[in-house]
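# Tertiary structure, described
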Protein chains: 2
Amino acid sequence: MPTTTLSGQEFSRPRLESLLKRRFFFTESFEIYRTAPNYKGDNRGLYDYGPPGCALLSNIVNEWRRHFVIEENMLELDCTSITPEAVLKTSGHVDKFADWMCRDPVKGDFLRADHLVETVLETRIANNKLTPADTSSKSKAEQFDEATMQQYKGILAKIDNYDGPELGKLIEDLDIRNPNGNGKVEAPTAFNLMFKSTIGPSSAAPVFFRPETAQGQFLNFRKLLDYCQGSMPFASACIGKSYRNEISPRSGLLRVREFLMAEVEHFVDPESNKAHERFSEIEHIELPFLDRQTQLSGKTTVETASIGSAVRGKLVDNETLGYFLARIYMFLIKIGADSQKIRFRQHLDNEMAHYACDCWDAELLTSYGWIECVGCADRSAYDLTVHSKATGTPLTVKENLPEPLEITEWQASLEKKLLGPRFKKDAKKVEAAVQALDQNTLENLAAELAEKASISIPTGEALADGKTTAELSGDMCSIKKITRVEHIREYTPNVIEPSFGIGRILYSILEHVYWYRPQDTAREVLSLPILTAPTKVLLVPLSNHDSFKPTIKSLASRLRSIGIANNTDTSSVSIGRRYARNDELGTPLGITVDFDTVKDGSITLRERDSTAQVRASEDDIIEAIKNLISGSETWKQVSQRLPAFTGQAQDE
Amino acid sequence: MPTTTLSGQEFSRPRLESLLKRRFFFTESFEIYRTAPNYKGDNRGLYDYGPPGCALLSNIVNEWRRHFVIEENMLELDCTSITPEAVLKTSGHVDKFADWMCRDPVKGDFLRADHLVETVLETRIANNKLTPADTSSKSKAEQFDEATMQQYKGILAKIDNYDGPELGKLIEDLDIRNPNGNGKVEAPTAFNLMFKSTIGPSSAAPVFFRPETAQGQFLNFRKLLDYCQGSMPFASACIGKSYRNEISPRSGLLRVREFLMAEVEHFVDPESNKAHERFSEIEHIELPFLDRQTQLSGKTTVETASIGSAVRGKLVDNETLGYFLARIYMFLIKIGADSQKIRFRQHLDNEMAHYACDCWDAELLTSYGWIECVGCADRSAYDLTVHSKATGTPLTVKENLPEPLEITEWQASLEKKLLGPRFKKDAKKVEAAVQALDQNTLENLAAELAEKASISIPTGEALADGKTTAELSGDMCSIKKITRVEHIREYTPNVIEPSFGIGRILYSILEHVYWYRPQDTAREVLSLPILTAPTKVLLVPLSNHDSFKPTIKSLASRLRSIGIANNTDTSSVSIGRRYARNDELGTPLGITVDFDTVKDGSITLRERDSTAQVRASEDDIIEAIKNLISGSETWKQVSQRLPAFTGQAQDE
């Protein structure tokens, strides 16, 4: 998908990739092994971050912590990745956390089924041919007719909505084959995406490496509720690695097998309408939406609306979900995303994770298309309910009712002394059947019992006598209307979950901030915001002359002591070359120390995007840097306030 | 082992554990599953950090980053945990990263052999009996004689020095049995400690979850060297989770299966004597040493010496190792360790990891004994050499020599056209044997060849003709003295590795800072330094009265905006109770807002350890807090400068 750079230039992914590799933002893990002779192993989808990538990553994480955890007083946890099978069996991941996979029996390739359909149909559309372009032996390809084109586009718009059998049918009907060799593939099978291992010396206890951080937060719900002294709503948060054994990783950092997640679990009373007390602070914010209906009609048109009106119009289900969508948007902009390349897309029904009842993704536009970077799901009470049931531990909130509640209802009581001898080992089934009766039925049965000697209760399953009903006499069972008073309300909270893929966000932003100087395409720049830039200030002595060293050393230590990340480049290349190198690293500010510094103590300050420079005393420049970093002054203000510098140490 | 608290009180581990659980510093992971009926699974050794534990952890990590990475301009990496088998095969972990384990065939227990010996001997010493105290059927236990006591103590002092067969012999000779049931155990077998899984859909590619972060750093050596423009020495660093499948975890946070590590790999020229340019800054620092000789003589006496004299006297091998020991000591003190409970212990020969040539542990004294918290190993050129060999990628430094080097040496050259027909498939072996000859031998052989028609070369292994020498005639082999000029020196760097177990440090420090108020043992305090305390300031309104709310809200937001973590406690209990709760959380400062605040804007500031309070304006108090946090003022100075407060809102 062609995209443009910040300054409207055509975006070239290979050029950006080359820059990121050259400057060691990240690299494929174990690269020296991958290229070694005889190395076999499927280790795609694993990346290491080098020094600038690692700093960018930790700046994004720190800002995430400030923007979400600290700003909202969330309770941060650090939970283990290793998770016993029982936990993930309960949560549904053991049975349902899978992708559909097709095998090519000839090549031995494993292909993710939805990606296979997508790739082949996109290729056919791009080539305007019904057979893959790379199969020259089948060159008598038919031209597309308009109906086929529309059919394909419709399939692609809702590609995430197909399940395995449906994908199998598409592959069959449209004769979709492995692009590598054009062989037929087998029908899709489900492949579980979790990494499995065993724990302890007996090798008998299976564990998984977590596919999300959420489960650890749910399991600690009672302790969290205690910690915040029972006050609802509250949110927990967790930042940590998660693991997914992707079938066939591609797209660099966008689909990896080990990745950093940052997740919030916001616990809320379902009877509060999921209102949010700070909603009014953000309701005016305009967000770009792509809803479910639009997608199902085969379109991808984005509609912009304020989050306030989106919630009022029920496009977004509730205030809490809406609040987080707006906060996510603000966060993405702050760390460097291009506002023109963000949209919020609602999940289709089949696409939602097994635990979710509604979900919106924040997607960022990249050269790979629109990429899901943040999921914001309403997980309802799903997780707390299933874990509570599996462990026998109540994961609920108990609240004193403002006023005691009088409840009048029909209630059946059984005479167990009679029930036992009559039904023997069926007695429990009968008891359960009676407990399951609803209020209407109970009322009718009470009336019946007043008239007849016995009533007949449906048991669902057959009893020992072969019948599916139990006859209960009046002395075995009585049904009365009773009134009780409740002082406490007990409920299972619902959960709203904003879930961030930090690596995907990081890569997408690198695409958003990349451009090159119009006068020289080889002079590339990463216009990262000062907040997330790996290094804030580059220190450049004019040369290796000894007289510059004390100033450089004292500047470095002064900046370090006020917490400003800086780097010194003493290499022997020209100042322009050194600045160019740091433009590629996204370093927003540069200080030059030259012979005038030795004379009068003045230094120059250069701004990355404009390459403009000012000259002033050390104190004034450091003050300006502090202001620029804290956001209390813009570069425009600084450059108007301090004298411009147009001397020797300019960019070349 | 009995230890005392900060204020000399007897330390009680159960009381500290109860506090840490009550305040949710950490908890066993999946606790609601462990206590559920029917749950089977060996998930010991896994812990989650709750909000205060998580904040303490991240404060320690941030200080680590400042103290090591930023201060020394280290190159930080973020590498994957998932590691292909080939990498860990090369590094030696697949074959050697194991503990010795004994199985009790009756109980089905798996026991770590060294821990078994240790536990049983310690119990015998404690009970002054030769059989375990808990085996009442064998009550005719003999008294210890002095010789046995000395033998046991000698074994315990070097328990880390025994290999599997030696441990097996001790178990046999001393009739050491499983304390659980007193059954005999089987001979020790090696149990590999890595978690294994497979990657990709074919399940054919084995991977491990890393047992240390170091390998990722070694594999990126070339990129790191490029990044720092070839300048040596330099260091890389990595903070991240590692995984070890411990046989039988015990001791809470001290022996866990998933843990946070922070590791430095300092790459240094081996011919530089491993000198360190900043050594003079720290050489005066006094460190407590327990060296190898002392331990082998069965003693644990600590000798204090300056690191300068320790390096000069060769107790510590070199300046770089010494520099890091001193920096580690400074770091531990800064984050809250008690200087009286730190020692540096040298590893015994058999105890060292397979890659290390010297190693010192920083150990912290806890109620579990002395605990290894930081390892500081000289890994020599081991890792870079083996990975380079396995991948065919040179992991070396090339340096221009200041002056070209003229090298004169004996060199053998072979006539391969003649060698092949003569030795056939042995030809390569013969070639290798000739290449392996040293200068002395070459010189002698040259003389021999000048006199005789042929020479005889030892081949080590037998050739096809059954002989272990090869006869080479003068036309097959010539040996000459040649002179060549080298302009470049190529070498494999050595690595000094300080490696931190963050969870162990965190727990040990919690023991170090724990005490209780002498007047009331129930009033427990964690005297964490302000630098690492989870929350810096507690905000306490006198009551829930509406007039206090605006001040509390504005103070919270003011503190947050200058990056000071704070928390508000609006619960309805007394101020004293609320302060006591926060003493347990280690919160160093507290602000009270009362009716005088509403009248004159003044607030009180309380210091945790002394419970003393001062009263002043909001601005003055916030100024004081900033100074206390930055370290520019002590509490003593603040309390002398600002008026003391002895009014209503005192501790009770």
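Chain A has the name glycine--tRNA ligase in an unreviewed UniProt entry, where Cordyceps militaris is given as its organism. Taken directly from UniProt, the Sequence similarities (unreviewed entry) text for chain A runs: "Belongs to the class-II aminoacyl-tRNA synthetase family."

### Some words on the sheet that holds strand β5 (residues 98-103) of chain B
Residue and element names in this part refer to chain B. Across the sheet, which stays open at both edges, the 3 strands sit in the order β6-β5-β7 with antiparallel pairing between neighbours. The two strands at the open ends of the sheet, each matched to only one other strand, are β6 (110-112) and β7 (189-192). Between one strand and the next, the sheet's axes are offset by a mean angle of 50°, whatever the strand orientation. Looking at chain direction, β5 and β7 are connected through 4 bridges and run antiparallel. When the sheet's bridge partners are listed, Met 101 is paired in β7 with Thr 189. Strands β5 and β6 of the sheet are contacted by helix α6 (residues 113-127), whose axis makes an angle of about 80° with β6.

### Quick look at helix α23 (residues 618-630) of chain B
Residues and elements named next belong to chain B. Along its 13 residues, α23 runs 18 Å from first to last C-alpha, staying within 8% of the 18 Å computed at 1.5 Å per residue. Of the positions making up α23, those classed as buried are Glu 618, Ile 621, Ile 622, Ala 624, Ile 625, Asn 627 and Leu 628. As for α23, its buried residues are in contact with β24 (537-541), α20 (549-561), β26 (589-593), β27 (602-607), β28 (613-617) and α24 (635-641). Within two residues after α23, Gly 631 carries a phi angle of roughly 85°, on the positive side.

### Some points on the state of the cysteines
Residues and elements named next belong to chain A. The full count for this structure, using the stated rule, is 0 disulfides over all chains. Here Cys 238 stays free of any disulfide, with the sulfur of Cys 79 as its closest cysteine sulfur at 4.7 Å. A residue is classified by how much of its surface remains accessible, and Cys 238, at 1% relative accessible area, is buried.

### Here's the deal with the pattern of salt bridges
Across all of its chains, the model carries 107 salt bridges over all chains by this definition. A salt bridge links Glu 584 of chain B to Arg 23 of chain B; its shortest N-O distance comes to 2.9 Å. In this pair, Glu 584 of chain B is assigned in helix α21 (residues 575-584) and Arg 23 of chain B in the loop between α1 (13-22) and β1 (26-28), connecting sequence segments 561 residues apart. Neither Glu 584 of chain B nor Arg 23 of chain B differs from the other in exposure class; each is buried. The network of salt bridges with shared partners includes Glu 71, Glu 72, Arg 278, Glu 281 and Arg 327 of chain A together with Arg 560 of chain B.

### What to know about the sheet that holds β28 of chain B
Residues and elements named next belong to chain B. Taken together, 5 strands build an open sheet; the order of strands is β25-β24-β26-β27-β28 and the sheet is mixed. Edge positions in the sheet fall to β25 (566-568) and β28, since each has one partner strand and no second. Strand-to-strand, the axes of this sheet are offset by a mean angle of 25°, without reference to chain direction. As defined by bridge partners, β27 adjoins β28 across 5 bridges and the pair is classed as antiparallel. From the neighbouring strand, Thr 604 faces β28, where its bridge partner is Arg 615. The strands touched by α21 within the sheet are β24, β26 and β27, with β24 carrying the most contacts at an inclination of about 165°.

### So, the relation of the copies chain A and chain B
Rotating chain A by 179° about the axis while translating it 0.0 Å along that axis superimposes it on chain B, leaving an RMSD of 0.5 Å. Expressed as an axis order, the relation between the two copies is that of a two-fold axis. Distance from the rotation axis, computed per C-alpha, reaches its smallest value in chain A at Ser 197 of chain A: 2.6 Å. Both copies contact each other with a shared surface, as 100% of the interface residues of chain A are interface residues in chain B too.

### Some words on α1 of chain B
All names here are of chain B. The set of residues buried in α1 consists of Leu 16, Leu 19 and Leu 20. Across the axial projection of α1, the buried residues extend over an arc of 95°, all falling on one side. On its buried face, α1 sits against β1, α19 (502-513), β22 (514-516), β23 (524-526) and α21.

Rules and cut-offs
- Residues numbered from 1 in each chain as written.
- Chains lettered and ligands numbered in written order.
- Predicted model: local features only at pLDDT ≥ 70, side-chain atom pairs only at ≥ 80, totals over all residues.
- Heavy atoms only, no water.
- UniProt positions renumbered as here; feature names shortened; annotations may be inferred.
- Pairing = 2+ DSSP bridges.
- Helix = DSSP H or I, 4+ residues; strand = E, 2+ residues; numbered from the N terminus.
- Axes fitted to C-alpha atoms, helices over the stretch in contact; angles between N-to-C directions.
- Contact = heavy atoms within 4.5 Å.
- Expected span 1.5 Å × (residues − 1).
- Buried < 20%, exposed > 50% of the residue type's maximum accessible area, 1.4 Å probe, protein only.
- Disulfide = S-S within 2.5 Å.
- Salt bridge = Lys/Arg side-chain N within 4 Å of Asp/Glu carboxyl O.
- Least-squares fit on C-alpha atoms with pLDDT ≥ 70 in both.
- Arc of directions from axis to C-beta.

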